[in-house]
Amino acid sequence: MANLTERENFMRVINGETPEWVPRYGIGPDPNATKPPPCTSIRSSVIPMRPSGQDRGFTDVFGVEYVTTKETGWMPLPKPNQFIMDDVRKWREVFTLPDFTDIDWEAVCKKDLEDMPLDPKDVAVMYGGPGGGGFFMPLMNMMGFTNGLMALYEEPEAVHEMFDHMANWYCYGIENTIDKLPVDVFTVGDDTATATNPFISPDMYREMIKPYVTRVSKYAMDRGIPVMMHNCGRCEDSIDDWRDFGVKAWNPAQVVNDLDGIKKKYGNSLVLIGCWDSQGPAGWPHASEEVVKQAVRDTIDRYAGGGGFMFWGSVYGPEGDEETNNKKKWMTEEFEAYRETPYK
């Protein structure tokens, strides 16, 4: 054994090498873990941190109001029926992005590093720049899916103008921060798919979304920094397009995609993060300890061979529920006990 750190082992996978153990992706604390986390996400303090937890909503940089509910596990969702835009041609009248021009970026980045709870020497640092990124979902959140999808079809010129404005803002923030921080992985994300199919065709993705994500990702590609894509749902149709703008890892790589076929096609050059069946037997009510632990082993056995895989499991249930907490504990226990098995 080479006595790698969690960070070094994580980066082995990202760089297409075989690790010594399966890394566990996740940037939040796990009270059941005995192993340190391999990665963390750094946020820019020029954008106020979003509150989290019960009854703690917020308003994003575009002016969309978010609320949290017990039913969503206190995850934020746009406030129902409170769309801020009904005509994409009027986007200039609807939102004004924060002004970045007079910011002391050296001081901002110094503060962000000081505020990191973990030492960047110990964990891989993931960063997507100030502002969050994304193009498809901000449009949907501003207009709702019905009007947002119709805007893509009926008013492509106005959507291009809006996305160009957003990309300029994202890129300005990235340009002023990426060389001032120890960035190991650059993150981009946009949930462009349902559980069964993409919201838009591959051709529309290439025409309306890809050019702007490419502009944002170019800062990482020019520096040799690997790009990680976050995209939920059955979005495998876009993988080849992601590869054009430097994507080497994808989360959450849900099982509604042909993950076996994807792994066979790309090998360890595309890291599959997740591959966990959150709606399978391990997530059902009253699932036993053995069912949960077997699901962990089965997931690792199926996808870890040769590298190109990180475990990321999830169990959902009411906050504070003993059964849900037990499932989370069993999952972590079995992951830590089994994570080295594929590479022995």
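In this report, we go over the structure that sits alongside the text. Just so you know, these numbers come straight off a predicted model, no measurement behind them. (Residues numbered from 1 in each chain as written. Predicted model: local features only at pLDDT ≥ 70, side-chain atom pairs only at ≥ 80, totals over all residues. Heavy atoms only, no water.)

1. Side note on unusual backbone geometry
- A cis amide bond, omega 5 degrees, links asparagine 251 with the succeeding residue proline 252.
- Following the sequence through the fold, proline 252 ends up in the loop between strand S8 (247–251) and helix H9 (259–266).
- Even without glycine at this site, asparagine 81 takes up a positive phi of about 60 degrees.
- Residue placement: asparagine 81 occurs in the loop between strand S4 (76–78) and helix H2 (91–94).
- Asparagine 81 sits in the exposed class, given a relative accessible area of 66%.
- Its identity is not glycine, yet histidine 286 carries a phi of approximately 65 degrees, on the positive side.
- Inspection of the secondary structure puts histidine 286 in the loop between strand S9 (271–274) and helix H10 (289–303). (Helix = DSSP H or I, 4+ residues; strand = E, 2+ residues; numbered from the N terminus. Buried < 20%, exposed > 50% of the residue type's maximum accessible area, 1.4 Å probe, protein only.)

2. Some points on the environment of lysine 210
- When you line up the elements, lysine 210 lands in helix H7 (residues 202–222).
- Distance from lysine 210 to phenylalanine 245, taken between C-alpha atoms, is 8.6 Å for residues 35 residues apart in sequence.
- Once you skip the residues sitting within four places of it in the chain, lysine 210 turns out to touch Tyr205, Asp241, Asp244 and Phe245.
- Among the polar contacts made by the side chain of lysine 210, one reaches the side chain of aspartate 244 at a distance of 2.6 Å. (Contact = heavy atoms within 4.5 Å. Polar contact = N/O pair within 3.5 Å; in protein donor to acceptor, adjacent residues only side chain to side chain.)

3. Overview of the pairing of strand S5 (residues 124–127)
- Neither face of S5 is left uncovered, since the one carrying Ala124 and Met126 and the one carrying Val125 and Tyr127 both have all their residues buried.
- The pairing of strand S1 (residues 39–41) with S5 spans 3 bridges and is parallel. The partner of serine 41 across the bridge, within S5, is methionine 126.
- Judged from the 2 bridges that link them, S5 and strand S6 (residues 185–189) form a sheet pairing that is parallel. Residue pairing in the sheet places tyrosine 127 in a bridge with phenylalanine 186 of S6. (Pairing = 2+ DSSP bridges.)

4. Quick word on the pattern of salt bridges
- Within this structure, the stated rule accounts for 26 salt bridges.
- For lysine 327, the salt bridge is made with glutamate 323, and the minimal N-O distance between the two is 3.6 Å. Linking lysine 327 with glutamate 323, this pair stays in helix H11 (residues 322–338), spanning 4 residues, or about one helical turn.
- Since its relative accessible area comes to 3%, lysine 327 is described here as buried.
- Owing to a relative accessible area of 25%, glutamate 323 belongs among the partly exposed residues under this scheme.
- Across the pair lysine 329 and glutamate 333 runs a salt bridge, and its minimum N-O distance is 3.4 Å. Here lysine 329 and its partner glutamate 333 are both found in helix H11, 4 residues apart, which amounts to about one turn of the helix.
- Ionic contacts of the salt-bridge type, sharing partners, join the residues Asp203, Arg206, Lys210, Asp241 and Asp244 into one network. (Salt bridge = Lys/Arg side-chain N within 4 Å of Asp/Glu carboxyl O.)

5. A short note on the packing of helix H5 (residues 145–154) against helix H6 (residues 156–175)
- Across the interface, H5 lies against H6 with an axial gap of 6 Å and an inter-helix angle of 105 degrees. When the axes of H5 and H6 are compared, the pair comes out roughly perpendicular. The residues of H6 that touch H5, namely those facing Ala151, Leu152, Tyr153 and Glu154, are Pro156, Val159 and Phe163.
- Of the residues in the contact of H5 with H6, the class split is 6 nonpolar, no polar and 1 charged. (Axes fitted to C-alpha atoms, helices over the stretch in contact; angles between N-to-C directions. Parallel < 35°, antiparallel > 145°, perpendicular 65-115°, else oblique. Nonpolar A, V, L, I, M, F, W, Y, C, P; charged D, E, K, R; others polar.)

6. Points about empty space enclosed by the protein
- Taken as a whole and assessed by the stated rule, the structure comprises 1 cavity of 30 Å³ or more.
- Taken as a whole, the largest cavity encloses approximately 100 Å³ of empty space.
- Of all the secondary-structure elements, those providing two or more residues to the lining of the largest cavity are S6 and H7.
- Sort the elements by how many residues they give to the lining of the largest cavity and H7 lands first, with 4 residues.
- Of the residues assigned to the lining of the largest cavity, the class counts are 7 nonpolar, 6 polar and 1 charged. (1 Å grid on protein atoms, 1.4 Å probe; cavity = no way out; pocket = protein on both sides within 12 Å on 5 of 7 lines; lining within 4 Å. Points joined across faces, edges and corners; volume = space filled by probe spheres on them.)

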